[in-house]
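# A look at the structure
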Amino acid sequence: MTKQAEQLRRKRIIRLLIRLFAWVGVALVYYFGFSLLFDTPAEYRMRSSTDLMREQYDALSERYDSLEMVLDNITARDKSVFRILFESDPYDLETEQSEERLALYERNIAKSKRRLAIDLKTEIDEMSAKTDELEASWRRIKELGDGLGDKSRNIPSIQPVLNKQLTLLTAGYGTVLNPFYRTPQSHQGVDYTVAEGSSVFATADGVVREISDKSSTLGKTIVIDHGNGYKTSYSHLLSTLVRRGQRVQRGDVIALSGNSGLSLAPHLHYEVRYNDLRVDPIHYFFMELSPDEVQRIIRIAQSGMQSFD
């Protein structure tokens, strides 16, 4: 009897273990099957977040491609306009230098130390030769400058307003958008946004040739003849402080800036003329600005700006 009871107990245990394994197997199959077919709440949130991020990435990529295409078109247009107006290639003060630096780095990273040493010596020799050429060129320029004597004071070489931070230039020489008709127009000077009543300076020695009244499009304007093919004009003035025929010197206050004529807001429109042709005034600030500041103001003049006349 005891032996039969022991056998029955073993059979029950075995049946229980079999049922347990069967239920565990069913649970595992159900779990994996459910996981394959359905997401848990946490997985669902993660999947939704991933899908949203993917959609945002695709939208940003499409926007980036669109902006890149627009930027390329604008760059090509600006270069075309520059070549048409000035018959020369436009400035590129950043892109070309960055591309050259990247190309130089890629070339040098693959060279051996011996090759780098040889190339460095070659470049030093070339730089020494260029330095000698620059010194000779500098001596020649100095001789020409010394030959000018007092005539050098008759070349426009400073800005017509106080602009030490280079933040007042709002429109450069070239094609800009007309603020009244919203169409492209040729802008043959530079605009400075200055408060009404700001001092306006003569940019070189000369004689006041013209003072026009405020009934013209350019408003009240002063034209100075510098006697060496150069003339400068200062427009949209509030008032003039000189008279026709008066001799002025570089740095003299000749007027107060204003908003006369066809003007969107108070500003000064400044032009430089050489042999009766209007040229870009941005190249005639060399006495006042350092080389780095010249590059900076050129970049400012190249950027998309708003004309005020």
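Structure: above.
Quick caveat: nothing in here was measured; it's all calculated off a predicted structure. (Residues numbered from 1 in each chain as written. Predicted model: local features only at pLDDT ≥ 70, side-chain atom pairs only at ≥ 80, totals over all residues. Heavy atoms only, no water.)

## Thoughts on the nonpolar core
With 29 residues, the main nonpolar core has Y192, I222, I224, Y234, I254 and L268 as its most contacted residues. Contributions of two or more residues to this core are made by β4 (190-192), β7 (220-225), β8 (230-240), β10 (253-257), β11 (268-274) and α5 (291-302). Setting aside its immediate chain neighbours within four residues, L268 contacts P160, V161, V190, D191, Y192, V194, V200, Y234, S235 and L237. (Core = buried A, V, L, I, M, F, W, Y, C linked by side-chain atoms within 4.5 Å. Buried < 20%, exposed > 50% of the residue type's maximum accessible area, 1.4 Å probe, protein only. Helix = DSSP H or I, 4+ residues; strand = E, 2+ residues; numbered from the N terminus. Contact = heavy atoms within 4.5 Å.)

## Regarding unusual backbone geometry
One non-glycine residue, L166, adopts positive backbone phi at about 60°. Along the chain, L166 falls in the loop between α4 (113-148) and β1 (169-171). Given a relative accessible area of 2%, L166 falls into the buried group.

## Quick look at the environment of G261
Mapped onto the elements of the fold, G261 is located in the loop between β10 and β11. Considering only alpha carbons, one finds G261 and S216, 45 residues apart in sequence, at a separation of 5.9 Å.

## Thoughts on the packing of aromatic side chains
Each aromatic ring pair is summarised here by two numbers: the centre-to-centre distance and the angle between the ring planes. Evaluated as defined, the whole model comprises three aromatic pairs. Taken together, a centroid distance of 4.6 Å and an interplanar angle of 40° make the contact between Y230 and Y274 tilted. Of the two residues, Y230 is situated in strand β8 and Y274 in strand β11; the sequence distance between them amounts to 44 residues. Since its relative accessible area comes to 11%, Y230 is described here as buried. One aromatic cluster is present, built from ring pairs that chain together Y230, Y274 and Y284. (Phe/Tyr/Trp six-rings, centres within 6.5 Å; stacked < 30°, edge-to-face > 60°.)

## Brief notes about the side chain of N154
For N154, the location among the structural elements is in the loop between α4 and β1. In terms of polar contacts, N154 uses its side chain to reach the backbone carbonyl oxygen of D205, at 3.2 Å. A polar atom in the side chain of N154 sits 3.1 Å from the backbone oxygen of H226. (Polar contact = N/O pair within 3.5 Å; in protein donor to acceptor, adjacent residues only side chain to side chain.)

## Here's the deal with the pattern of salt bridges
Going through the model one piece at a time under the given rule, you end up with five salt bridges. Residues E271 and R273 are paired through a salt bridge, measuring 3.5 Å at the closest nitrogen-oxygen approach. A relative accessible area of 18% places R273 in the buried class. Three or more residues are tied together by salt bridges with common partners; here these are E271, R273 and R278. (Salt bridge = Lys/Arg side-chain N within 4 Å of Asp/Glu carboxyl O.)

Shape descriptors only; they carry no functional weight alone.
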